[in-house]
Amino acid sequence: EILAANQIDYKEAEASGMNTTMLDRLMLSPTRLQSMAQDVRVVTTLPDPVGDIFDMHTLPNGLQVGKKRVPLGVIGAIYESRPNVTIDVSVLCLKSGNTVILRGGTEAIHSNNALAKVVQDASMRTGIPDGTVQFIENTDRTMINHLLKMGDIINLIIPRGGSELIKYVSE
């Protein structure tokens, strides 16, 4: 299903005149899917960062202070035509105890949708609550503006893409 969805994206991008470098970033293959799966396995073997206490020290008055790693909350990820980002961002957010809202580029909408469904299904099978990984299927660019104005709900927005996207999100 993922490869079939990716073929739709690839053919549409190729027909629209996307350059070969971007087409290569968009393309998925069995080998690339295997590599993505292996990356997920690597992240799952990392120690759980949530609740880790470090840099503890005792003040002269006897009070102990330190730092504790906690989830950020809701992370929004806005990215372009790299379907692997759907998996990369999802697994890192889940590992660190965060909820994620994914908004991928129009060029990879079918691929990203298929990949997001895999993450959502796998998450629910392991007991992660439904809705922890969300994917915005609407490719209208105004959706980015809505995400950027949701500071009361989204704790962090990560722009993953070219300099124009990063500048736009930063501004």
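Residues numbered from 1 in each chain as written. Predicted model: local features only at pLDDT ≥ 70, side-chain atom pairs only at ≥ 80, totals over all residues. Heavy atoms only, no water.

Draft legend 1. Local environment of the overall build of the chain. Helix and strand counts for the chain come out as 7 helices and 6 strands. Along the chain, helices and strands appear, N-terminal first, in the series α-α-α-β-β-β-α-β-α-β-α-β-α. By its C-alpha atoms, the chain is 70 × 35 × 30 Å across when sized along the principal axes. At a minimum sequence separation of 6, the contacts of the chain that also span at least 24 residues come to 68%. About 10,300 Å² of surface is accessible on the chain, with carbon and sulfur atoms providing 55% of the total. (Helix = DSSP H or I, 4+ residues; strand = E, 2+ residues; numbered from the N terminus. Contact = heavy atoms within 4.5 Å. Areas by Shrake-Rupley, 256 points an atom, 1.4 Å probe, with all protein chains shown as cover.)

Draft legend 2. Broad picture of the nonpolar core. Core analysis: the largest hydrophobic core is formed by 20 residues, its most contacted members being Y79, V89, V100, L102, L115 and F135. Put simply, the parts of the chain that give this core at least two residues each are helix 1 (2-15), strand 3 (74-79), helix 4 (84-95), strand 4 (99-103), helix 5 (109-125) and strand 5 (133-135). Here V100 is in contact with I75, V89, S90, C93, T132, V133 and Q134, once residues within four sequence places are set aside. Core analysis: the next-biggest nonpolar cluster, separate from the first, contains 9 residues, I101, I136, L165 and V169 among them. (Core = buried A, V, L, I, M, F, W, Y, C linked by side-chain atoms within 4.5 Å. Buried < 20%, exposed > 50% of the residue type's maximum accessible area, 1.4 Å probe, protein only.)

Draft legend 3. Focus on the pattern of salt bridges. Tallied over the full model, the rule gives 4 salt bridges. Linking K67 and D55 is a salt bridge whose minimum nitrogen-to-oxygen distance equals 3.6 Å. Here K67 is found in strand 2 (residues 64-68), whereas its partner D55 is found in strand 1 (residues 53-58), with 12 residues between them in sequence. Its relative accessible area of 46% is what places D55 among the partly exposed residues. (Salt bridge = Lys/Arg side-chain N within 4 Å of Asp/Glu carboxyl O.)

Draft legend 4. Examining the sheet that holds strand 6 (residues 156-160) more closely. Strand order in this open sheet of 4 strands is 5-4-3-6, and the pairing throughout is parallel. Of all strands in the sheet, those with a lone pairing partner are strand 5 and strand 6, marking the two edges. The sheet shows a mean angle of 20 degrees between the axes of neighbouring strands, taken without regard to direction. Pairing of strand 3 with strand 6 involves 5 bridges; the strand directions are parallel. Along strand 6, the bridge assignment pairs I78 with P159. Lying over the sheet, helix 4 contacts strand 3, strand 4, strand 5 and strand 6, oriented at roughly 165 degrees with respect to strand 4. In this fold helix 7 (residues 163-170) packs onto strand 3 and strand 6, with an angle of close to 160 degrees to the strand it touches most, strand 6. (Pairing = 2+ DSSP bridges. Axes fitted to C-alpha atoms, helices over the stretch in contact; angles between N-to-C directions.)

Draft legend 5. Fine view of a nonpolar patch on the surface. A surface patch of nonpolar side chains, about 230 Å² in accessible area, is lined by L72, L156 and I158. Residue placement: L156 occurs in strand 6. (Patch = residues over 30% accessible without salt bridge, like charges linked within 9 Å, V, L, I, M, F, W, Y side chains within 5 Å.)

Draft legend 6. Representation of the pairing of strand 4 in the model. Among the 5 residues of strand 4, 4 are classified as buried, and the element is accordingly described as predominantly covered. In this sheet, strand 4 lies alongside strand 3 in parallel orientation, the contact comprising 5 bridges. Paired with I75 across the strands is V100, a residue of strand 4. With helix 4 bridging strand 3 and its parallel neighbour strand 4, the resulting β-α-β unit is right-handed. Note that strand 4 and strand 5 share 3 bridges and pair parallel. By the bridge assignment for strand 5, L102 is matched with F135. Handedness of the crossover joining strand 4 and strand 5 through helix 5 is recorded here as right-handed. (Right-handed = clockwise from strand over helix to strand, strands pointing away.)

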